[in-house]
Amino acid sequence: MKIKVINPNTTVSMTQKIGAAARAVASPGTDILAVNPQSGPVSIESHFDEAVSVVGVLDEIRRGERENMDGYVIACFGDPGLMAARELTKKPVIGIAEAAMHVASLLATRFSVVTTMNRTIVIAEHLARNYGMEAFCNKVRAADIPVLDLEDPASGAFGRIVDECRRARDEDRAGAIVLGCGGMADLTDAISHEIGLPVIDGVSAAVKLVEAIVSLRLGTSKHGDLDYPIAKPFVGRFAYLSPE
Ligand SMILES: O=C(O)C[C@H]1NC(=O)NC1=O
């Protein structure tokens with residue numbers, strides 16, 4: 001089985017970290033290809049960043065179809081381009097936010113999300129609503145750190161994330177924590193050790209869900225809104241994206 005794990009931002013060190021987290025849980029016989037677009041934001045910290053990153057995600061899905069990938073993970077907590085990506089393939093496409101929230105809902109009656117920037121809290125809140133997770137997702141918190149601080153061990157990011165996870169445990173009645181950034185994928189065990197709760201990283205959760213769906217011989221529905229895109233010309237610099 002071949003799974004393409006797409007980091008929608010363009011920071012290679014984060015892509016490598018995400019790939020390592022994916023490989024750590026992948027079953028024997030599952031090959032992980034971790035990639036990021038060559039163009040786009042170095043980090044995704046706003047609606048604008050997310051919107052621009054989607055074209056790179058879709059480029060990687062289109063390339064993956066030619067590479068005969070068995071499934072895809074979108075490894076950014078905003079799940080950018082998830083539905084558009086699903087239109088492009090019959091294979092499963094799983095976002096790390098949806099994966100982490102669903103897994104957390106199987107482990108605790110309430111969970112909190114701890115993400116990076118205060119500004120992106122609303123994005124995670126909207127995802128919880130759209131995924132039907134509001135009954136489980138008690139609160140979305142932020143460590144109030146730039147995403148790329150996660151790439152700098154001297155930034156103090158780990159301590160700020162742990163502090164916010166403790167507040168979630170003590171103030172939100174959270175029974176589990178969802179890590180709200182693909183760049184936190186390497187911190188899961190250390191944070192769980194510090195706070196004594198299940199901590200769910202969406203990269204790992206998404207990889208296992210793709211494996212499960214493929215093993216069930218299931219994939220993305222092509223009936224209705226997730227059917228392949230409507231054939232039409234796209235003009236200008238997006239002409240190469242014209243659905244056939
Ligand atoms: O939304 C966030 O804060 C995290 C999100 N941004 C990013 O560049 N990778 C992510 O997972």
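Structure first, text after, so check above.
The present account deals with the structure reproduced in this document. As the structure is a computational prediction, the values presented were derived from the model and not from experiment.

## Some points on the site of the ligand
Next up, step 1: Every residue lining the ligand is accounted for by N9, S43, I44, C76, F77, T115, T116, T120, V147, G180, C181 and G182.
Next up, step 2: Within the contact set of the ligand, a nitrogen atom lies 2.7 Å away from a backbone nitrogen or oxygen of I44.
Next up, step 3: Within the side chain of T116, one N or O atom sits 2.5 Å away from an oxygen atom of the ligand.
Next up, step 4: Here the ligand loses 97% of its free accessible area of 300 Å² to cover by the protein chains.
Next up, step 5: In terms of residue class, the shell around the ligand is made up of 5 nonpolar, 7 polar and no charged.

## Here we look at the pairing of strand β6 (residues 137–142)
Next up, step 1: Relative to β6, strand β5 (residues 111–115) runs parallel, the two being bridged by 5 bridges. Residue pairing in the sheet places V114 in a bridge with R141 of β6.

## Regarding the sheet that holds strand β1 (residues 2–6)
Next up, step 1: Taken together, 4 strands build an open sheet; the order of strands is β2-β1-β3-β4 and the sheet is parallel. Two strands bound the open sheet, and with one partner strand each, they are β2 (31–35) and β4 (93–95). Strand after strand, the sheet turns through a mean of 20° between neighbouring axes, direction not considered.
Next up, step 2: Of the pairings in the sheet, the one linking β1 to strand β3 (residues 71–74) comprises 4 bridges and is parallel in character. Across the sheet, the residue bridging to I6 is I74, located in β3.

## Thoughts on the pattern of salt bridges
Next up, step 1: Under the counting rule described, the total for this entry stands at 14 salt bridges.
Next up, step 2: With its nearest N and O atoms 3.4 Å apart, the salt bridge here joins R166 to D163. Taken together, the residues span about one helical turn, with R166 and D163 both in helix α6 (residues 157–171) at a distance of 3 residues.
Next up, step 3: Its relative accessible area of 28% is what places R166 among the partly exposed residues.
Next up, step 4: Between R167 and E164 there is a salt bridge, and its shortest N-O distance comes to 2.5 Å. Note that R167 and E164 are positioned in helix α6 at a spacing of 3 residues, about one turn of the helix.
Next up, step 5: In this structure E164 comes out as buried when scored by relative accessible area, which is 10%.
Next up, step 6: The structure contains a network of salt bridges with shared partners spanning R141, E164, R167, E171 and D172.

## Quick notes on the environment of A168
Next up, step 1: In this structure, A168 sits in helix α6.
Next up, step 2: Through-space distance from the C-alpha of A168 to that of R119 is 18 Å; in sequence the pair is 49 residues apart.
Next up, step 3: Non-local contacts of A168, meaning those with residues more than four positions away in its chain, are made with S112, R141, R173, A174 and I177.

## Topic: a nonpolar patch on the surface
Next up, step 1: There is a patch of nonpolar side chains on the surface, built from F234, F238 and Y240 and spanning about 270 Å² of accessible area.
Next up, step 2: By secondary structure assignment, the location of F234 is in the segment after α8 (202–215).
Next up, step 3: On the basis of relative accessibility, which here comes to 33%, the residue F234 falls in the partly exposed class.

## Let's talk about the sheet that holds strand β7 (residues 176–180)
Next up, step 1: Taken in spatial order, the 4 strands make up an open sheet running β6-β5-β7-β8, and their pairing is parallel. Each having just a single partner strand, β6 and β8 (199–201) make up the two edges of the open sheet. Taken over all neighbouring pairs, the strand axes of this sheet differ in orientation by 25° on average, direction set aside.
Next up, step 2: The strands touched by helix α4 (residues 96–105) are β5, β7 and β8; relative to β5, the strand with the most contacts, the crossing angle is about 150°.

## Observations concerning α8
For the α-helix, the turn length of 3.6 residues means that residues three or four positions removed from each other point alike.
Next up, step 1: Taking 1.5 Å per residue as the helical rise, α8 with its 14 residues ought to reach 20 Å, and the 20 Å between its terminal C-alpha atoms agrees with that figure.
Next up, step 2: Buried within α8 we find G202, V203, S204, A205, A206, V207, V210 and E211.
Next up, step 3: For α8, the capping residue at the N-terminal end is D201, with a side-chain oxygen 3.0 Å from the backbone nitrogen of V203.
Next up, step 4: A positive backbone phi angle near 55° is found at R217, which sits one or two residues after α8.

## A word on the packing of helix α1 (residues 12–25) against α8
Next up, step 1: As a packed pair, α1 and α8 sit with axes 9 Å apart at the nearest point and diverge in direction by 45°. Considered as vectors, α1 and α8 are oriented oblique to each other. At the point where α1 passes α8, the crossing takes the right-handed sense. Residues I18, A21, A22 and V25 of α1 lie in contact with α8, whose contacting residues are V203, S204, V207 and K208.
Next up, step 2: Here the residues of the contact of α1 with α8 are counted per class, giving 6 nonpolar, 1 polar and 1 charged.

Conventions adopted
Residues numbered from 1 in each chain as written. Predicted model: local features only at pLDDT ≥ 70, side-chain atom pairs only at ≥ 80, totals over all residues. Heavy atoms only, no water. Near = heavy atom within 4 Å. Polar contact = N/O pair within 3.5 Å; in protein donor to acceptor, adjacent residues only side chain to side chain. Areas by Shrake-Rupley, 256 points an atom, 1.4 Å probe, with all protein chains shown as cover. Nonpolar A, V, L, I, M, F, W, Y, C, P; charged D, E, K, R; others polar. Pairing = 2+ DSSP bridges. Helix = DSSP H or I, 4+ residues; strand = E, 2+ residues; numbered from the N terminus. Axes fitted to C-alpha atoms, helices over the stretch in contact; angles between N-to-C directions. Salt bridge = Lys/Arg side-chain N within 4 Å of Asp/Glu carboxyl O. Buried < 20%, exposed > 50% of the residue type's maximum accessible area, 1.4 Å probe, protein only. Contact = heavy atoms within 4.5 Å. Patch = residues over 30% accessible without salt bridge, like charges linked within 9 Å, V, L, I, M, F, W, Y side chains within 5 Å. Expected span 1.5 Å × (residues − 1). Parallel < 35°, antiparallel > 145°, perpendicular 65-115°, else oblique. Left-handed = near helix turned anticlockwise from the far one by under 90°.

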